[in-house]
Amino acid sequence: MPNRLGPPLETPLFDRIALIGLGLIGSSIARAVRHRNLARTIVAIDRDDATLARVRELRIADEVTSDLAAGVRGADLVILCVPVGACETVAKTMKASLKAGAIVSDVGSVKASVIAQVQPHLPDGVSFVPAHPVAGTEYSGPDAGFATLFLKRWCILTPPEGTDEAAIERMRDFWSALGSDVEVMTAQHHDLVLAITSHVPHLIAYNIVGTAADLETVTQSEVIKFSAGGFRDFTRIAASDPTMWRDVFLHNKEAVLEMLARLNEDIALLARAIRWGEGDKLHDLFTRTRAIRRGIISQGQETPEPDFGRRREDP
Ligand SMILES: NC(=O)c1ccc[n+]([C@@H]2O[C@H](COP(=O)([O-])OP(=O)(O)OC[C@H]3O[C@@H](n4cnc5c(N)ncnc54)[C@H](O)[C@@H]3O)[C@@H](O)[C@H]2O)c1
Ligand SMILES: O=C(O)C(=O)C[C@]1(C(=O)O)C=C[C@@H](O)C=C1
C-alpha cells in the first residue's frame, strides 16, 4: 500500500461536510478531506472560540462557526468528533437542522454508548453510520492534526441493524479515501475488542505513571530522570487527553471491567511464576508477546508522530 494519500478526486464524494469538534481527529479529517477533494465545502463547528480562531488561521475549513444548528444545515455528511460523553448534547442540538438524506457519523472510541446517545434523536430519512478510526496520538487540538493520520490504519464501522446499505458504502468509500482499511462489525463486538487493545492499555499506563509518581521513595524528579526506557513509553500514553479518556472509561464500563478482571487473573499467575521461580512460564509468555509486536510492525501498523509545524513530506 502506498505511503501517501492519493491525489485529489475530480468529483468530490460529498457536497458539504460538517465536522463537529476540530481537535486532533476533526482537524486531521478536515486536512485529509481538503487534500483529497472529498467535499466541495468543509464546515468546522466547535464550542471553543480559541479552537475556531486557530482553525481559521490554519485555513483547514471553508466555513467556521460555534453555532451547531446553523453549521450542520444543508450538510450531506455530519461527523461528530467530540469526546464520547458530549454526543447526546450535540445530537439534541443539531437534530432539527439536519437535511433529509444526510448521513450522520462519528469517530468515538466507544460505539454502543454513542449509538444509544445519538440514534434516538435523529429524524427519519437521516442515516447513522458510526465509525472509529483506530488511529491517534497523545496530542489534542487543531495543531496536533495531520492529513496522513488515518493512512494504513483501521477504521471500524458499526452501523446499527437496518442502516441504509448505500450510506454504509459511502462511509466505506470516505474512509478508504482517507487511506484507511475499513471493517464492519457490531458496536458490542467493537467495544469488547477495543477494551483490551486500547482502553485497558491506557488505564494501565495512567496507573503505572500515577503509582510511580506517588511512591514516596521515588521522587518526581527521579521519575523524570530515569525514564529513558520502558517507563517512558508508558508516559507517552499517559499524556493522552484526560477528558477524552474519562469519557471512554465511563462509556465502556462493562467491557473494560470484564477485561480488567481477566487481566488481574493473569497478573496473579505471573506473580506466582516469579515467586516460585518458574522461569519457563515467563520465558514462554515473553516469546509469544515478542512475536505479536513483530507481527504488528511487519504489517506497518505503527503510529506516526504529529509534526507541529516542522517540515513534513506532503501527504
Ligand atoms: N485522540 C485519539 O487518539 C483518538 C483516536 C480515535 C478516536 N478518537 C475519538 O475522537 C473524538 C475526539 O477526540 P480528539 O482526540 O480529536 O479530541 P480533542 O480534544 O483534540 O478535540 C475535541 C474537540 O471537541 C470540541 N468539543 C467538545 N465538546 C463539544 C461540544 N459539545 N460541541 C462542540 N465542540 C465540542 C472541543 O472543543 C475540541 O476542540 C473522541 O470521541 C475520541 O474518543 C480519539
Ligand atoms: O497511539 C496512540 O496514542 C493511541 O492511543 C491511539 C488509539 C489507540 O489506542 O490505539 C487511542 C484511542 C483511539 O480510540 C484510537 C487509537
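Residues numbered from 1 in each chain as written. Chains lettered and ligands numbered in written order. Predicted model: local features only at pLDDT ≥ 70, side-chain atom pairs only at ≥ 80, totals over all residues.

Under an unreviewed UniProt entry, the protein has the name prephenate dehydrogenase and belongs to Microvirga brassicacearum. Within the UniProt record for the protein, the comment given under Catalytic activity (unreviewed entry) is "prephenate + NAD(+) = 3-(4-hydroxyphenyl)pyruvate + CO2 + NADH". As its UniProt record puts it under Pathway (unreviewed entry), the protein is described as follows: "Amino-acid biosynthesis; L-tyrosine biosynthesis; (4-hydroxyphenyl)pyruvate from prephenate (NAD(+) route): step 1/1." (UniProt positions renumbered as here; feature names shortened; annotations may be inferred.)

Draft legend 1. Just the site of ligand 1, in detail. For ligand 1, the set of nearby residues contains 29 residues, the closest of which are Gly21, Gly23, Ser109, Gly136 and Ser140. Looking at the shell around ligand 1, the elements with two or more residues in it are helix H1 (24-36), helix H4 (87-94) and helix H10 (242-251). Residue classes in the shell around ligand 1 are distributed as 14 nonpolar, eleven polar and four charged. The residues that make up the shell around ligand 1 include at least three from each of domain 1 (14-185) and domain 2 (190-298). (Near = placed C-beta within 6 Å. Helix = DSSP H or I, 4+ residues; strand = E, 2+ residues; numbered from the N terminus. Nonpolar A, V, L, I, M, F, W, Y, C, P; charged D, E, K, R; others polar. Domains from an automatic or database assignment.)

Draft legend 2. Layout of the packing of helix H7 (residues 187-214) against helix H11 (residues 253-275). H11 packs onto H7 with a crossing angle of 60° between their chain directions and a minimal axis gap of 9 Å. Regarding the angle of H7 to H11, the classification is oblique. For H7 against H11, the interelement crossing comes out right-handed. Judged by residue contacts, Asp191, Leu192, Ala195, Ile196, His199 and Val200 of H7 engage Ala255, Val256, Met259, Leu260 and Leu263 from H11. Grouping the amino acids of the contact of H7 with H11 by side-chain chemistry returns nine nonpolar, one polar and one charged. (Axes fitted to C-alpha atoms, helices over the stretch in contact; angles between N-to-C directions. Parallel < 35°, antiparallel > 145°, perpendicular 65-115°, else oblique. Left-handed = near helix turned anticlockwise from the far one by under 90°. Contact = placed C-beta atoms within 7 Å.)

Draft legend 3. How the structure looks around the confidence of the model for the protein. Of all residues in the protein, 92% have pLDDT values of 70 or greater, and the mean over the chain is 92. Long-range and interchain partners of residues 304-314, a stretch whose pLDDT sits below 50, account for nine contacts in this model, where long-range means more than four residues apart. Scored as a whole, the predicted complex attains pTM 0.93, and scored at its interfaces, ipTM 0.99. (pLDDT = per-residue confidence, 0-100.)

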